[in-house]
Amino acid sequence: MSIDINATPLLSVQNLGKDYGNLVACTDVSFDLWPGEVLGIVGESGSGKTTLLNCLSAQLAPSRGAVVYDTRIDGPREIFEMTESERRLLMRTDWGLVRQNPRDGLRLGVSAGANVGERLMAVGARHYGDIRAEAANWLQKVEIDVGRIDNVPSTFSGGMQQRLQIARNLVTEPRLVFMDEPTGGLDVSVQARLLDLLRGLVTRLGLSAIVVTHDLAVARLLAHRLMVMRQGRVVEQGLTDQVLDDPQHPYTQLLVSSILQP
Amino acid sequence: MNAAIIPMIKAEGIAKTFVLHNQGGQRIPVFSGLDLTVNTGECVVLHGPSGTGKSTLMRALYGNYLVGGGAILVRHGDGWVNMSRARPQEILSVRKHTMGYVSQFLRAIPRVPALDIVAEPLVALGEDETRARIRAGELLSRLRVPESLWTLAPATFSGGEQQRVNIARGFVVDFPILLLDEPTASLDAKNRETVTDMISEATARGAAIVGIFHDEDVRNQVVTRLYDIKAQEQAA
Amino acid sequence: MSMSHAQTLEGYNFAYLDEQTKRMIRRAILKAIAVPGYQVPFGSREMPLPYGWGTGGIQVTAGVIGQADTLKVIDQGADDTTNAVSIRHFFARTTGVKTTERTEEATIIQTRHRIPERSLSEGQVLVYQVPIPEPLRWLEPRETETRKMHALAEYGVMHVKLYEDIARFGRIATSYAYPVMVNGRYLMSPSPIPKFDNPKMDNMPALQLFGAGREKRIYAIPPYTKVESLDFEDHPFEVQKWDDCCALCGAQDSYLDEVITDDVGGRMFVCSDTDYCEDRRAQGHFGPLGQAAE
């Protein structure tokens, strides 16, 4: 029996860097991400992890380096050599972006159902009944009471808003989801619920994800691989349990030893 | 009919030293120059006093610890994977298909019920969820975990109950290779016996097993070969 | 009524605007015609009336009107409302051009918020007064973003609004300024005409020009262009219907205004398009109150 391991990475990042004038926000970042893998990017505030995520998810143009994504139709394409139109289409269909503050990733004045259905409508869905049914389906998957489909998100709790943001992103079955501190600002029990949901969705849907977090427990739970960042550079990367249980770099050792044990 | 004896693990010349950078760069050497081969149908017991690196060696075999120098070759499908050099993707593939690991501690994931924790490795291999849960239930029953606990998350279980969930999870897939780190540590006599039986059954079906057993009785029943780390080091 | 050019206001150029301005407006109009439904920015001038009173429409009319034209001006379908009368007089005094109330006699029709009931023909120009040209404005307040959305044809959000209507009211509640897709490419606001008039825009033989003075945009629909109102497959576009007919001419196919006749709840419905109503009565069609009104 031979066990296949994918030949082409889903995302290939080469020597990525972003400067703001003289300030090096991140630099020399290279890695490959395969389908079904979750990569965690950890580090403290100011480590450059959010800047890196913004460059990877095409929110920000890097100062140097390349981000190559294996598109469904055209094969591997460099993101910043695409036209803006192609990039925006990619971000609406194949990619998802879950922002730390769900209010930045939702339309607050529009119902939950419309929030989830928007991407479908954006790619041409024109049957109200079908769109609504699909939206209801996704609300169930993220454990939001379907009876709230016509409520606006400003009436939802923080945890519900975050789950709605996730549903809104996953409705077009993206292959790659970027998450920036997805559990930041949530209560511990709400966090647990969200993490469990994310784990389940990632496994069941075969998603790849890049998750930025400062919380190592979240990283351990969600990520297959970890990248530790400090002052804009990747100081260590590898299998999550290996990086956390057998850290090599001094900074990683410091980070791991600083985890509060309950 | 005798099944062919195939080497499943070939570790050659491996060494491990911990460097504690935040304690002035203190070096803690654990072992060096170790060779270890484990074949199908064997249960190799790692032997030696505390601190000689038994758990460390096991974690290295699993890819959880890095090693400095040498190679840890694991038979994966038709080929070999070097666990000390492989990409995370490959290591994860080995852990998913080929190598199971029962550690001393259960990592209880919030909210996930015991039954699903046990069933997870099967589901990851594509097994239907219902069938996976049935198989998980069989193992939990065998290990005398009451059904009333199956739908609860194990975080609040006793040490012994958690350990049995851990073991069930390690045995739910018939892995070709099994790593067992003190699997009977918190168990009573009856359950120790059950686990001993399970290990013997695995050996009989041709699994290659590496184990650490504090309990002499259990060890004597399952062992096919002892591997004394210190002795091996000196021989190198 | 018409005046010779000699009788028009002294000291003012033909149609009030200077020739360079008219040229600029015509260039914008040509661009708009070349890209149906696309909003062309133009240098909107100070006009002798405030924003919100039709300065855009007036500038477009001023840009295209010539000595040989015949102008009709309507406001909510009527020729005799204050604003329609003012604008008509304005052009009469600054151009000396012939004016009319009869739709089929006009070469240029400037309108606020209605399309005439009578079908228009080739060679006619319909000039709409537009308050907010941007159909996406309610959803996206940033001009930079709406321009991108048009450029990339990212119109999914418009259906979000329609979805919301159905979710809230059980049907699409938009009844005027109903968004349309022009030539299969640009999303356009037809100006605050009732949705009743939307079908008239589709494949119209006349040229349709739209002017927004405050927002400084001109857009156009060339003759015989496809114009589709947005809808869902299971909630198709529908026009308004009345139970009553026009009280004066008996018409059942025109847009009706509701007129309150007394202070005890009395009301009647009459055609909004005054010319259409008069024409029908002239041909002998009368509604329940028609004969008494004659």
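Residues numbered from 1 in each chain as written. Chains lettered and ligands numbered in written order. Predicted model: local features only at pLDDT ≥ 70, side-chain atom pairs only at ≥ 80, totals over all residues. Heavy atoms only, no water.

Here the focus is the overall build of chain A. A count of helices and strands for chain A gives 9 helices and 10 strands. Taken against the 2.2 N^0.38 rule, which gives 18 Å for 262 residues, the C-alpha radius of gyration of chain A at 19 Å falls within 12% of a compact globule. Here chain A holds 262 residues, and the buried ones make up 56% of them. Here the contacts in chain A between residues at least 6 apart in sequence split such that 66% fall between residues at least 24 apart. Computed over 26 positive and 30 negative side-chain charges, the inter-centroid distance for chain A is 6 Å. (Helix = DSSP H or I, 4+ residues; strand = E, 2+ residues; numbered from the N terminus. Rg over C-alpha atoms; globule rule 2.2 N^0.38 Å. Buried < 20%, exposed > 50% of the residue type's maximum accessible area, 1.4 Å probe, protein only. Contact = heavy atoms within 4.5 Å. Lys, Arg positive; Asp, Glu negative; His and termini not counted. Charge placed at Lys NZ, Arg CZ, Asp CG, Glu CD.)

Now for the overall build of chain C. In terms of regular secondary structure, chain C is built from 8 helices and 12 strands. Computed over its C-alpha atoms, the radius of gyration of chain C comes to 20 Å, within 12% of the 19 Å expected for a compact globule of 294 residues. Considering only C-alpha atoms, chain C reaches an extent of 60 × 50 × 35 Å along its principal axes. Counting only residues that meet the buried cut, chain C has 54% of its 294 residues in that class. Long-range contacts, defined as pairs at least 24 residues apart, comprise 63% of the intrachain contacts of chain C with a sequence gap of at least 6. Only carbon and sulfur atoms are counted for the fraction: they give 50% of the accessible area of chain C, which is about 13,400 Å². Of the charged side chains in chain C, 32 are positive and 40 negative; the average position of the first set lies 7 Å away from that of the second. (Areas by Shrake-Rupley, 256 points an atom, 1.4 Å probe, with all protein chains shown as cover.)

Under the defined criterion, the tally for this structure stands at 16 aromatic pairs over all chains. For the ring pair Tyr-128 of chain C and Phe-210 of chain C, a centre distance of 4.1 Å and an interplane angle of 10° mean the geometry is stacked. Placement of the pair is Tyr-128 of chain C in strand β5 (residues 125-129) and Phe-210 of chain C in strand β8 (residues 207-212), with a sequence separation of 82 residues. A single burial state applies to Tyr-128 of chain C and to Phe-210 of chain C, both of which are buried. Each residue in the set Tyr-12, Tyr-16, Phe-90 and Phe-91 of chain C is aromatic and connected to the rest through ring pairs, giving one cluster. Positioned over the ring face of Trp-138 of chain A is Lys-141 of chain A, at 4.1 Å from the centre of the ring. The ring of Trp-80 of chain B carries the charged tip of Lys-10 of chain B above its face, separated from the ring centre by 4.6 Å. (Phe/Tyr/Trp six-rings, centres within 6.5 Å; stacked < 30°, edge-to-face > 60°. Lys NZ or Arg CZ within 6 Å of the ring centre and 35° of its normal.)

Time to look at the interface of chain A and chain C. Listed as interface residues are 22 residues of chain A and, on the opposing side, 20 residues of chain C. When the buried area of chain A at its contact with chain C is split by residue, Arg-88, Arg-126 and Tyr-128 of chain A rank highest and sum to 39% of it. For the pair chain A and chain C, the interface holds 4 salt bridges. In this structure, the salt-bridge partner of Arg-92 of chain A is Glu-154 of chain C, at a minimum N-O distance of 3.0 Å. One can count 11 residue pairs in polar contact (both at pLDDT 80 or more) joining chain A with chain C. Elements with a contribution of two residues or more to the side of chain A that touches chain C: α2 (84-93), α3 (112-122) and α4 (128-141) of chain A. For the side of chain A that touches chain C, the element with the most residues is α3 of chain A, which contributes 5 residues. For the side of chain A that touches chain C, a count of residues per class yields 8 nonpolar, 6 polar and 8 charged. (Buried area = accessible area lost by both parts, 1.4 Å probe. Salt bridge = Lys/Arg side-chain N within 4 Å of Asp/Glu carboxyl O. Polar contact = N/O pair within 3.5 Å; in protein donor to acceptor, adjacent residues only side chain to side chain. Nonpolar A, V, L, I, M, F, W, Y, C, P; charged D, E, K, R; others polar.)

To continue, consider helix α5 (residues 156-169) of chain C. The terminal C-alpha atoms of α5 of chain C, which comprises 14 residues, lie 20 Å apart, in line with the 20 Å expected from a rise of 1.5 Å per residue. Of all 14 residues that make up α5 of chain C, 11 are buried, and the element is covered over most of its length. For α5 of chain C, the set of buried residues is Gly-156, Val-157, Met-158, His-159, Val-160, Leu-162, Tyr-163, Glu-164, Asp-165, Ile-166 and Ala-167 of chain C. Where the residues of α5 of chain C are buried, they touch α3 and α4 of chain A together with α4 (143-151) and β7 (186-188) of chain C. Of the residues one or two after α5 of chain C, Gly-170 of chain C is the one with positive phi, at around 85°. (Expected span 1.5 Å × (residues − 1).)

Attention shifts here to the confidence of the model for chain A. On average, residues of chain A carry a pLDDT of 90, and 97% of them reach 70 or more. Averaged over each element, pLDDT in chain A is lowest for helix α6 (residues 188-205) of chain A (82) and highest for strand β1 (residues 11-20) of chain A (96). (pLDDT = per-residue confidence, 0-100.)

With that settled, consider the nonpolar core. Residues Val-116, Leu-164 and Ile-166 of chain A together with Tyr-163 and Phe-232 of chain C are the most contacted members of the largest nonpolar core, which totals 68 residues. Broken down by element, this core gets its largest block of residues, 7 residues, from α5 of chain C. Sequence-distant contacts of Ile-166 of chain A, that is, excluding residues within four places in its chain, are made with Val-98, Val-142, Leu-194, Leu-198 and Leu-201 of chain A. If you look at the next biggest cluster of nonpolar residues, it comprises 40 residues, including Leu-140, Leu-178, Leu-187 and Phe-213 of chain B. (Core = buried A, V, L, I, M, F, W, Y, C linked by side-chain atoms within 4.5 Å.)

Turning to the interface of chain B and chain A, a few remarks are in order. Chain B puts 30 residues into the contact, and the matching count from chain A is 28 residues. Where chain B abuts chain A, roughly 2,500 Å² becomes buried across the two surfaces, and 54% of that area is made up of carbon and sulfur atoms. Counting every contact that joins chain B to chain A gives 6 salt bridges. Arg-95 of chain B is the salt-bridge partner of Asp-241 of chain A, the closest N and O atoms lying 2.7 Å from each other.

Residue and element names in this part refer to chain B. Axis separation between helix α5 (residues 159-171) and helix α6 (residues 189-204) bottoms out at 12 Å; the angle between their running directions is 15°. Viewed along their axes, α5 and α6 adopt a mutual orientation that is roughly parallel. The two elements α5 and α6 cross, and the hand of that crossing is left-handed. Residues Arg-164, Ile-167 and Phe-171 of α5 form the contact with α6, whose own contacting residues are Asn-191, Val-195, Met-198, Ile-199 and Ala-202. For the contact of α5 with α6, the residue count by class is 6 nonpolar, 1 polar and 1 charged. (Axes fitted to C-alpha atoms, helices over the stretch in contact; angles between N-to-C directions. Parallel < 35°, antiparallel > 145°, perpendicular 65-115°, else oblique. Left-handed = near helix turned anticlockwise from the far one by under 90°.)

Attention now goes to the arrangement of the chains. The chain pair with the greatest number of contacts, out of 2 pairs of chains in contact, is formed by chains A and B. Structurally, chain B and chain C remain out of contact, their C-alpha atoms never closer than 34 Å.

Residue and element names in this part refer to chain B. Taken together, 4 strands build an open sheet; the order of strands is β2-β1-β4-β5 and the sheet is antiparallel. Each edge of the sheet is formed by a strand with only one pairing partner; in this case those strands are β2 (26-39) and β5 (79-82). Here the strands of the sheet are splayed against their neighbours by 25° on average, with no regard to which way each runs. As defined by bridge partners, strand β1 (residues 7-20) adjoins β2 across 10 bridges and the pair is classed as antiparallel. Each bridged residue has a counterpart across the sheet, and for Lys-16 the counterpart in β2 is Phe-31. Where helix α1 (residues 54-62) meets the sheet, it contacts β1, β2 and β4 (71-76), and its direction lies at approximately 65° from that of β2. (Pairing = 2+ DSSP bridges.)

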